[in-house]
Amino acid sequence: MLFAFSVAPLGAGESVTDSVAEAVRIVRESGLPNRTDSMFTTIEGEWDECMDVIKRATEAVGAGGHRVSLVVKVDIRPGHTGELDGKVERVEARLAASTGSATGSTDSGTRSDRV
């Protein structure tokens, strides 16, 4: 399963860097495969272990008594692992293989065409 989440304190001023850095530290110390970008941190693992990490990261952000905003999106795909990189690799391979199309899109709308 992939869990993409964004957690930030509300009412803590313009910069939330310190709080977000603490949440990312918790994620990285968890040992779970993870990736952080400008909007979300994504972790890969089982339901309970990922939700525990998200909970601890959320608690750390709220430690200053701030109100906390948490957004979570989960891709539940039993039997699949390595999807943190696998999904991106499949898209990159599709883009590299496409020719003659401005976008490279061949999405027919079927589930098998989606990452």
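See the structure shown above.
Residues numbered from 1 in each chain as written. Predicted model: local features only at pLDDT ≥ 70, side-chain atom pairs only at ≥ 80, totals over all residues. Heavy atoms only, no water.

Trainee: How should I be thinking about the pattern of salt bridges in this particular structure?
Mentor: For side chains of opposite charge, pairing can occur when their charged atoms come near one another. Counted under the stated rule, the structure contains seven salt bridges. In this structure, aspartate 52 and arginine 56 form a salt bridge, with 3.0 Å as the shortest nitrogen-oxygen distance. Note that aspartate 52 and arginine 56 are positioned in helix H2 (residues 47-61) at a spacing of four residues, about one turn of the helix. A salt bridge links lysine 87 to aspartate 75, with the nearest nitrogen and oxygen atoms 2.7 Å apart. Placement of the pair is lysine 87 in helix H3 (residues 83-97) and aspartate 75 in strand E4 (residues 67-75), with a sequence separation of twelve residues. A relative accessible area of 21% places aspartate 75 in the partly exposed class. A single salt-bridge network, built from bridges that share partners, covers Glu22, Arg25 and Glu29. (Salt bridge = Lys/Arg side-chain N within 4 Å of Asp/Glu carboxyl O. Helix = DSSP H or I, 4+ residues; strand = E, 2+ residues; numbered from the N terminus. Buried < 20%, exposed > 50% of the residue type's maximum accessible area, 1.4 Å probe, protein only.)

Trainee: Just to check I follow, could you spell out the side chain of glutamate 44 for this structure?
Mentor: By the element assignment, glutamate 44 lies in strand E3 (residues 41-44). No salt bridge is formed by the buried glutamate 44; the nearest opposite charge belongs to arginine 35, separated by 8.1 Å. At 3.0 Å, the side chain of glutamate 44 forms a polar contact with the backbone nitrogen of glutamate 83. Dropping the residues within four chain positions of it, glutamate 44 is found in contact with Met1, Leu2, Leu32, Pro33, Cys50, His80, Thr81, Gly82, Glu83 and Leu84. (Lys, Arg positive; Asp, Glu negative; His and termini not counted. Polar contact = N/O pair within 3.5 Å; in protein donor to acceptor, adjacent residues only side chain to side chain. Contact = heavy atoms within 4.5 Å.)

Trainee: What exactly am I supposed to notice about the packing of helix H1 (residues 17-29) against H2 here?
Mentor: Each pair of packed helices can be described by the angle between their axes along with the distance between the axes. Look at H1 against H2: their axes get within 8 Å of each other, and the N-to-C directions meet at 155°. If you check the angle between H1 and H2, you find them roughly antiparallel. With respect to the hand of their crossing, H1 and H2 are arranged in right-handed fashion. Facing H1, whose interface residues are Ser19, Glu22, Ala23, Ile26 and Val27, H2 presents Val53, Arg56, Ala57, Ala60 and Val61. Of the residues assigned to the contact of H1 with H2, the class counts are seven nonpolar, one polar and two charged. (Axes fitted to C-alpha atoms, helices over the stretch in contact; angles between N-to-C directions. Parallel < 35°, antiparallel > 145°, perpendicular 65-115°, else oblique. Left-handed = near helix turned anticlockwise from the far one by under 90°. Nonpolar A, V, L, I, M, F, W, Y, C, P; charged D, E, K, R; others polar.)

Trainee: Mind showing me how you'd approach the sheet that holds strand E2 (residues 34-36) here?
Mentor: Strands pair in a sheet through their backbones, by hydrogen bonds, and they do so in one of two ways: parallel or antiparallel. Pairing within the open sheet is antiparallel, and its four strands lie in the order E2-E3-E1-E4. The strands lining the two open edges of the sheet, one partner per strand, are E2 and E4. Each adjacent strand pair in this sheet contributes to an overall mean axis angle of 20°, direction not counted. Pairing of strand E1 (residues 2-10) with E3, which is carried by four bridges, proceeds in the antiparallel orientation. Along E3, the bridge assignment pairs phenylalanine 5 with threonine 41. Docked against the sheet, H3 engages E1, E2, E3 and E4, running at close to 60° with respect to E2. (Pairing = 2+ DSSP bridges.)

All we've got here are geometric facts, nothing functional implied.
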